[in-house]
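# Topology and contacts: notes
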Amino acid sequence: MIHRTRIKDIFSAPTSQSYTVMGWVRTFRNNQFIALNDGSTISNLQVVIDMESIDQATLKRITTGAAISAHGTLIQSQGKGQSVELSCETLEILGDCDAEVYPLQPKRHSLEFLREIAHLRPRTNTFSAVFRVRHALAYGIHKFFNDRGFVYWHSPIITGSDAEGAGEMFQVTTLNLLNPPKAEDGSINFKKDFFGKSTNLTVSGQLEGELAALGLGQIYTFGPTFRAENSNTSRHLAEFWMIEPEVAFFDLEDNMNLAEDMLKYLINYVSENCKEDLAFLEQRLIEEEKQKPQNERSEMPLLEKLKFCIEQPFERLTYTEAIEILKNSTPNKKGKFQYTIDAWGADLQSEHERYLVEKHFNKPVILTNYPKEIKAFYMKMDDDGKTVRAMDVLFPGIGEIIGGSQREERYGHLMKRMEEMHIPVEEMDWFLDTRRFGSVPHAGFGLGFERLVQFVTGMSNIRDVIPFPRFPGNAEF
Ligand code: 4AD
Ligand code: MG
């Protein structure tokens, strides 16, 4: 086995010593200078070849995309742009790459084009940076909760319930769709299906998370969730990852504090641990925004925006207060919103959320106490009987990044809401047991992982922050 040094490590390794590096050729200039990348860092290592000592056949095989192994001495670099370089003594081609057909040329490709070749995206600067940041955020999430004594809980992926009651589930079945078994009334007989009942992919791990919190005290989930909603936007995926903490003895204010602490911790964590990648992504964003009209460009460079969000308290206000602000806002009066806000009860669209965050308050906002009609069945009713203890955290450029609530822990109240909202009570008896036996106040929320990655990396489309995006009409790879 050859001892390989990762390129990230070589930049801080002692010079005048021998190393072997392996990676993919990004560019090859003047038959002499290879820019080599192995994915460990955004920076390429310059590998310098002595044309005399390398045979012509091998030289021809050093093309963009080829995988090589290079052995040589690390020296202070003569040229500009890098501190050290590897003076190559032996070079081996590990995998050829025909430059004529390799889709990734050493030039800027559009994100749309790269999405079509998502299997090669990890080879690019932008996507390797995004996926390293995505990893760091995932690690930071586990660290945040572990350090605070939360238990990582695995809610099931295949379930028989609809946690949000919104009917946006992907069905899971092994029945023959051409000729499914029928019950006497002509309906499909799911008793004959694999699980003996109708099942679907989970839309949220919350309900099973609540079961855990009412025993383990404080838990979080971090897993894939699936929604068959026909949303073709830059913020929706059909398969996305969600982090759902759930805490016994928590009220809405505790819940808001946890959400704010967590977001600030995570943004700070990547700011500290992904400096090079974020600097690269900031520069990328500046370049991308040069193509946009002045008024659509962001006001702050990426790193400054991240800092700005963690340095001040998030604005907290009720839905009712927000409606007043929106009703009297200039874009509302001038008919600039696609959906005009004219009365209390209106559901907020992303244009309204972004107005509050980006124009009115100019910082992250937590909206609470929404009308019960526009929120899920499990939220605790306020004393006015009109609003529920919901909270949405709204972020600049993103809109809703977190949705959560204090839960309705009173058996009678919960039953009433479930009946009113046509939630199949018989199938959810297990959930109601928590309210029958030792029920306590509790609260939790769901953070959309890809929306967080989007915010931190400054990528404008959610399809560019998950390796293989699933959206209506697309499940490639
Ligand atoms: O607001 P949502 O629907 O809330 C829940 O699912 C609750 N069960 C959470 C809880 O209280 N435990 O979703 C939570 C978050 C949203 O704020 C958003 O960030 C993200 O999940 N999200 C999506 N992200 C990408 N694509 C989609 N289609 C999303 N739908 C929701
Ligand atoms: Mg929501």
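Up top is the structure these notes are about.
Thresholds applied
- Residues numbered from 1 in each chain as written.
- Chains lettered and ligands numbered in written order.
- Predicted model: local features only at pLDDT ≥ 70, side-chain atom pairs only at ≥ 80, totals over all residues.
- Heavy atoms only, no water.
- Patch = residues over 30% accessible without salt bridge, like charges linked within 9 Å, V, L, I, M, F, W, Y side chains within 5 Å.
- Areas by Shrake-Rupley, 256 points an atom, 1.4 Å probe, with all protein chains shown as cover.
- Salt bridge = Lys/Arg side-chain N within 4 Å of Asp/Glu carboxyl O.
- Helix = DSSP H or I, 4+ residues; strand = E, 2+ residues; numbered from the N terminus.
- Buried < 20%, exposed > 50% of the residue type's maximum accessible area, 1.4 Å probe, protein only.
- Core = buried A, V, L, I, M, F, W, Y, C linked by side-chain atoms within 4.5 Å.
- Contact = heavy atoms within 4.5 Å.
- Pairing = 2+ DSSP bridges.
- Axes fitted to C-alpha atoms, helices over the stretch in contact; angles between N-to-C directions.
- Near = heavy atom within 4 Å.
- Polar contact = N/O pair within 3.5 Å; in protein donor to acceptor, adjacent residues only side chain to side chain.
- Nonpolar A, V, L, I, M, F, W, Y, C, P; charged D, E, K, R; others polar.
- Arc of directions from axis to C-beta.
- Phe/Tyr/Trp six-rings, centres within 6.5 Å; stacked < 30°, edge-to-face > 60°.
- Lys NZ or Arg CZ within 6 Å of the ring centre and 35° of its normal.

Let's shift gears to a nonpolar patch on the surface. Taken together, the side chains of I157, I158, F194 and F195 define a hydrophobic patch exposed on the protein surface, amounting to about 390 Å² of accessible area. Take I158: it is sitting in strand β7 (residues 158-159).

In terms of burial, helix α14 (residues 449-457) is largely enclosed, as 9 of its 9 residues are buried. When α14 is considered as a whole, its buried residues turn out to be F449, E450, R451, L452, V453, Q454, F455, V456 and T457. Among the residues trailing α14, G458 stands out with phi positive, at a value near 75°.

Moving on, we get to the nonpolar core. Considering soluble globular proteins, one finds that nonpolar side chains tend to be buried as a cluster. With 66 residues, the main nonpolar core has L263, I402 and V456 as its most contacted residues. By residue number, the principal contributor to this core is helix α4 (residues 125-147), which donates 11 residues. Excluding residues within four positions of it along the chain, I402 makes contact with A259, M262, L263, M391, D392, V393, F445, G446 and L447.

Below, the discussion takes up unusual backbone geometry. The phi dihedral of N30 falls on the positive side, at around 50°, and the residue is not glycine. Here N30 is to be found in the loop between β1 (18-29) and β2 (33-37). In this structure, H422 is a non-glycine residue whose phi angle is positive, near 55°. Following the sequence through the fold, H422 ends up in the loop between α12 (411-420) and α13 (429-436).

Glancing now at the pairing of strand β10 (residues 218-226). Most of β10 is tucked away, with 8 of its 9 residues classed as buried. Relative to β10, strand β6 (residues 151-152) is paired through 2 bridges, and the arrangement is parallel. The partner of V151 across the bridge, within β10, is I219. Two elements, β10 and strand β11 (residues 239-248), share 9 bridges in a ladder whose sense is antiparallel. Residue pairing in the sheet places I219 in a bridge with E246 of β11.

Let's shift gears to the sheet that holds strand β3 (residues 45-48). Within the closed barrel, the 5 strands sit side by side as β1-β2-β3-β5-β4. Their pairing is mixed. If you compare each strand with its neighbour and ignore which way they point, the axes differ by 55° on average. Both β1 and strand β4 (residues 67-76) contribute to a ladder of 7 bridges, which runs antiparallel. Paired with T20 across the strands is H71, a residue of β4.

Around ligand 1 lies a shell of 24 residues, among which E164, Q206, E229, E244 and E400 are the nearest. A distance of 2.7 Å separates a nitrogen atom of ligand 1 from a polar atom in the side chain of Q206. Here a nitrogen atom of ligand 1 sits 2.7 Å away from a polar atom, N or O, in the side chain of E244. Of all the secondary structure elements, the ones that give two or more residues to the shell around ligand 1 are β11, β15 (399-406) and β16 (442-448). Here the shell around ligand 1 is composed, by residue class, of 8 nonpolar, 8 polar and 8 charged.

Per the counting criterion, the structure on display carries 30 salt bridges. With a shortest N-O distance of 2.7 Å, E408 and R410 are connected by a salt bridge. Of the residues examined, E408 reaches a relative accessible area of 1% and is grouped as buried. What makes R410 partly exposed here is its relative accessible area of 27%. Three or more residues are tied together by salt bridges with common partners; here these are E210, E246, R407 and R435.

Now for the environment of N461. Summarising the element assignment, N461 is placed in the segment after α14. Residues N461 and D261, 200 residues apart in the sequence, show an inter-C-alpha distance of 26 Å. With near-sequence residues (within four places) excluded, N461 lies in contact with R115, S234 and Q454.

Within α12 the residues assigned to the buried category are L414, M415, R417 and M418. One side of α12 carries all its buried residues, which in axial view fall inside an arc of 165°. Buried-residue contacts for α12 involve α13. Taken from the residues just after α12, H422 is the one with a positive phi, measuring 55°.

Quick look at the packing of aromatic side chains now. Scanning the model with the defined rule gives 20 aromatic pairs in all. Look at Y152 and Y220: their rings are 5.1 Å apart centre to centre, the planes differ by 15°, and that puts the pair in the stacked class. With Y152 in strand β6 and Y220 in strand β10, the pair connects residues that are 68 residues apart, well separated along the chain. Judged by relative accessible area, which is 32%, Y152 ranks as partly exposed. What links up through ring pairs into an aromatic cluster is the set Y139, F144, F145, F150, Y152, Y220, Y265 and Y269. In this structure, R148 packs its charged tip against the face of Y265, placed 5.4 Å from the ring centre. Taking NZ or CZ as reference, R463 lies 3.5 Å from the ring centre of F471, over its face.

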